[in-house]
Amino acid sequence: MKQSTRARTTSSRRYRCTYTPRDAFGHLNPSDTGAAPFVQFRAANAEQALDIAQHVTGCPVIEATRIEG
């Protein structure tokens, strides 16, 4: 069981995905300050991170940044 846990942790990395939020009517509502909200989670790669962020937020995702450490 240890090997499967170890394999899972080495195959997933932490990512921070910034996105453009939507207002109550579903229109894009970028921040006036220029700061974009973000979600953070584990994924196998940046492409998967973008897909997950899109699914979770329902908003256009700007970028996925890998978090080291």
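Residues numbered from 1 in each chain as written. Predicted model: local features only at pLDDT ≥ 70, side-chain atom pairs only at ≥ 80, totals over all residues. Heavy atoms only, no water.

Undergrad: Tell me what's going on with the confidence of the model for the chain, and back it up with residues and numbers.
TA: Averaged over all residues, the pLDDT of the chain equals 87, while 86% of them reach at least 70. Note on residues 1-9: pLDDT under 50 across the span, and 0 contacts to partners over four residues away in sequence or across chains. (pLDDT = per-residue confidence, 0-100. Contact = heavy atoms within 4.5 Å.)

Undergrad: Which residues make up the side chain of Thr18, and what are the values?
TA: Looking at the element boundaries, Thr18 is found in strand E1 (residues 13-19). With sequence-adjacent residues up to four places away left out, Thr18 is seen in contact with Ala36, Pro37, Phe38, Val61, Ile62 and Glu63. (Helix = DSSP H or I, 4+ residues; strand = E, 2+ residues; numbered from the N terminus.)

Undergrad: Any details on the sheet that holds E1? Residues and values, ideally.
TA: The sheet built from 3 strands is open, its strands ordered E2-E1-E3 with antiparallel pairing. Two strands close off the open sheet at either side, each with one partner strand: strand E2 (38-43) and strand E3 (61-67). Averaged over all adjacent pairs, the angle separating strand axes in this sheet is 25°, with direction ignored. Relative to E3, E1 runs antiparallel, the two sharing 6 bridges. (Pairing = 2+ DSSP bridges. Axes fitted to C-alpha atoms, helices over the stretch in contact; angles between N-to-C directions.)

Undergrad: Can you tell me about the pairing of E1, naming the residues and giving the values?
TA: Looking at chain direction, E1 and E2 are connected through 6 bridges and run antiparallel. When the bridges of E2 are listed, Arg13 appears paired with Ala43.

Undergrad: Let's hear about helix H2 (residues 46-57): which residues, and what values?
TA: Here H2 contains 12 residues, and its C-alpha end-to-end distance of 16 Å stays within 8% of the 16 Å for a straight helix at 1.5 Å per residue. The opening residue of H2 is Asn45, an N-cap whose side-chain oxygen sits 3.2 Å from the backbone nitrogen of Glu47. Once H2 ends, the next one or two residues include Gly58, with phi positive near 75°. (Expected span 1.5 Å × (residues − 1). Polar contact = N/O pair within 3.5 Å; in protein donor to acceptor, adjacent residues only side chain to side chain.)

Undergrad: Which residues make up the packing of aromatic side chains, and what are the values?
TA: Inspection of the entire model under this criterion finds 0 aromatic pairs. Cation over ring: Arg16 sits above Phe38, and NZ or CZ is 4.8 Å from the ring centre. (Phe/Tyr/Trp six-rings, centres within 6.5 Å; stacked < 30°, edge-to-face > 60°. Lys NZ or Arg CZ within 6 Å of the ring centre and 35° of its normal.)

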